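# A closer look at the structure
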Amino acid sequence: MLLRHARELLTMDRELPRSGAPTWDPGDLGVVRDGAVGVADGRIVAVGTTAEVERRFPVSSGDTVVEVGDRVLAPGLVDCHTHALFVQDRAEEFSLRLQGRSYQDIARAGGGIASSVRALRSASDAQLQATLARRLRRMALRGVTTVEVKTGYALDTANELRSLRAIAAVEGAVPTFLPYHAVPPELRASPDGRSRYLKEVSEVMLPAVLAAGLARFIDAYVDGAGFSPAEVREALQRARASGLGVRLHVGQFDDVGGAELAAELGATSADHLEHVTDRGLDALSSAGTVAVLLPGAAFSLGQTPPDARRLRAHGVSVAVATDSNPGTSRTENLPLMASLAVRLEGLTTVEAWHAITAVPARSLGLDDRGRLRPGMRADLCVLDLPTWEALPYVLGDVHAPLVLRAGVPLAAMASPELCQHVP
Ligand code: NIG
Ligand code: FE
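Our subject in this report is the structure included herewith. (Residues numbered from 1 in each chain as written. Chains lettered and ligands numbered in written order. Predicted model: local features only at pLDDT ≥ 70, side-chain atom pairs only at ≥ 80, totals over all residues. Heavy atoms only, no water.)

At the metal site, the iron ion (ligand 2) is ligated by H81 (NE2), H83 (NE2), H249 (NE2) and D323 (OD), and these contacts range over 2.1 to 2.3 Å. Sequence positions of the residues that donate to the iron ion (ligand 2) give the spacing H-x1-H-x165-H-x73-D. Residue H83 is found in the loop between β5 (77-79) and α2 (91-98), and its partner D323 is found in the loop between β12 (318-320) and α14 (334-345); the two are separated by 240 residues along the sequence. Side by side, H83 and D323 carry an identical accessibility label, which is buried. (Donors = N, O, S within 2.8 Å, 3.2 Å for Na, K, Ca; no water. Helix = DSSP H or I, 4+ residues; strand = E, 2+ residues; numbered from the N terminus. Buried < 20%, exposed > 50% of the residue type's maximum accessible area, 1.4 Å probe, protein only.)

In structure tokens:
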């Protein structure tokens, strides 16, 4: 397949300087005008101007040619923090928050995560998988080809494993085991419920998850209303020693030392960061841990969002994700999150492109995507943006007439007016 004559091709084949100085230089996106990409056997075989690529890979019989035209051709977008395996909305909680109730207060009264847990446990395997697959198909309509998906709405061994199986079965989903999301509803009332749950995770759930071999990452909600570093450290270390990467929810409501814990554990990402000290940021920077901004959650909770300039000034790499979940960020729209991160948190548009492509791919340990380079997996999207600069300007109103995952056009999007088969 040849995708050609893209007004702008973004190869993302550059590293942003670690100094964190704001950049608006399209050179930092590897922009190629009149760009083209050649694809064979699910891989990228050539990237450059249309003239260059056509010279090296002349179109032959049986090929498909895509005339990208006045659109942007970019790596498939990567959403590296979601709780997209949920089966029920919680709109009433949003109304309560608008009326002044706090997120923590609603959770204490039995709503919040506990209500999503009850709903998930009563859903069938088929319903879980179908719901998630539908959500990822909708995300792909905006160019997203890889989505990290956390468990954590099950919180018992059998249902956490069921959740992981559902996630692993959906193309494009990367499974993260999140046992430390909340104490499950059936244990909350009893005085030793919390310690019993911690023991169950450590002695039963984690070994079962490691044996099943389905999870790539482990996550913990390290926060005042979540878990303390002391409660989760040992199990996270063990998970890591057994090959899971670590991603942590850090400082969404309170700074309880989550950033320092993330650095200590060599976590690949530390997410949220509404509350974090300079020391915590220095620790993340030294450890090479990616900060994941979740502007949908801060917006939906009415919080002051983190200052991306402060993170960048500490030399921390920044990703942006949806946090797609029924409680704090009921969105599937990654480009809209990029828009919020630029307008409300101070990322530049150039940094925002990195934050939804190369940086999240790195934080997921996926070095075969997030950039366009020969040999990488052919995860690509054609976005109906007039130019790269329009990403924050269009407020999430981005459509992808063509999306490839490993070279395969995603069914809903194989737009016939774009793709021509060479006879
Ligand atoms: O990332 N606060 C922790 N976890 C989620 C929310 C989960 C929920 O409320 O269902 C978050 O914001
Ligand atoms: Fe989250």
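This part takes up the pattern of salt bridges. Enumeration over the complete set of coordinates arrives at 29 salt bridges. One salt bridge connects E8 with R33, and the closest N-O pair in it is separated by 3.3 Å. With a gap of 25 residues between them, E8 in strand β1 (residues 2-10) and R33 in strand β2 (residues 31-40) connect regions that are remote in the sequence. Residue R196 is joined to D192 by a salt bridge in which the shortest nitrogen-to-oxygen separation is 3.5 Å. Take R196: its relative accessible area is 43%, and that puts it in the partly exposed class. The partly exposed category is assigned to D192, whose relative accessible area is 36%. The structure contains a network of salt bridges with shared partners spanning E148, K150, D219 and R247. (Salt bridge = Lys/Arg side-chain N within 4 Å of Asp/Glu carboxyl O.)

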